[in-house]
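For reference, the chains in residue letters:
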Amino acid sequence: MAYFSIYAMDRRPDGPTIRAETRPAHLEYLRRLGDQLKLAGPVMAHDGETVAGSLIVVEAENLDAAHEIAAEDPYAKAGLFSSCDVRLYKWVFNPPE
């Protein structure tokens, strides 16, 4: 098992509407990941108020499995993201284990 970061940026101008409508399903999806989910939260725009995207770190068997987690997110299925970058993540300081 390895860690992977999922860095997804919202599209504009309809991103906030899609995000609001899909948020309950997105949160439920993250809850269902259980211990596989290591951290998750919004990426903020420079104004500190506007959500610009999402950062999620998961533990998965391989890159393909991490891509599948990203693709199954209700936000992704709803077309919220203009981009989604999934990469191997090397957790150096204060790892969960």
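Quick notes on the rules
- Residues numbered from 1 in each chain as written.
- Predicted model: local features only at pLDDT ≥ 70, side-chain atom pairs only at ≥ 80, totals over all residues.
- Heavy atoms only, no water.
- UniProt positions renumbered as here; feature names shortened; annotations may be inferred.
- Helix = DSSP H or I, 4+ residues; strand = E, 2+ residues; numbered from the N terminus.
- Buried < 20%, exposed > 50% of the residue type's maximum accessible area, 1.4 Å probe, protein only.
- Polar contact = N/O pair within 3.5 Å; in protein donor to acceptor, adjacent residues only side chain to side chain.
- Contact = heavy atoms within 4.5 Å.
- Phe/Tyr/Trp six-rings, centres within 6.5 Å; stacked < 30°, edge-to-face > 60°.

Per an unreviewed UniProt entry, the recorded name for the protein chain is YciI family protein, and the organism is Hirschia litorea. UniProt, in its Sequence similarities (unreviewed entry) section for the protein chain, records the words "Belongs to the YciI family."

**Observations regarding the side chain of Thr22**
Along the chain, Thr22 falls in helix H1 (residues 15–32). Judged by relative accessible area, Thr22 falls into the buried class, the value being 13%. Separated by 2.8 Å, the side chain of Thr22 and the backbone oxygen of Ile18 make a polar contact. Not counting the four nearest positions on each side in its chain, Thr22 is found in contact with Pro74, Tyr75 and Ala78.

**A closer look at the packing of aromatic side chains**
Summed over all chains, the structure comprises three aromatic pairs. Residues Tyr75 and Phe81 carry aromatic rings whose centres are separated by 6.1 Å and whose planes lie at 85 degrees to one another, so their mutual orientation is edge-to-face. Summarising the burial analysis for this pair, Tyr75 and Phe81 share the class buried. Where Tyr89 meets Trp91, the ring centres are 5.6 Å apart and the plane angle is 75 degrees; that geometry is what we call edge-to-face.

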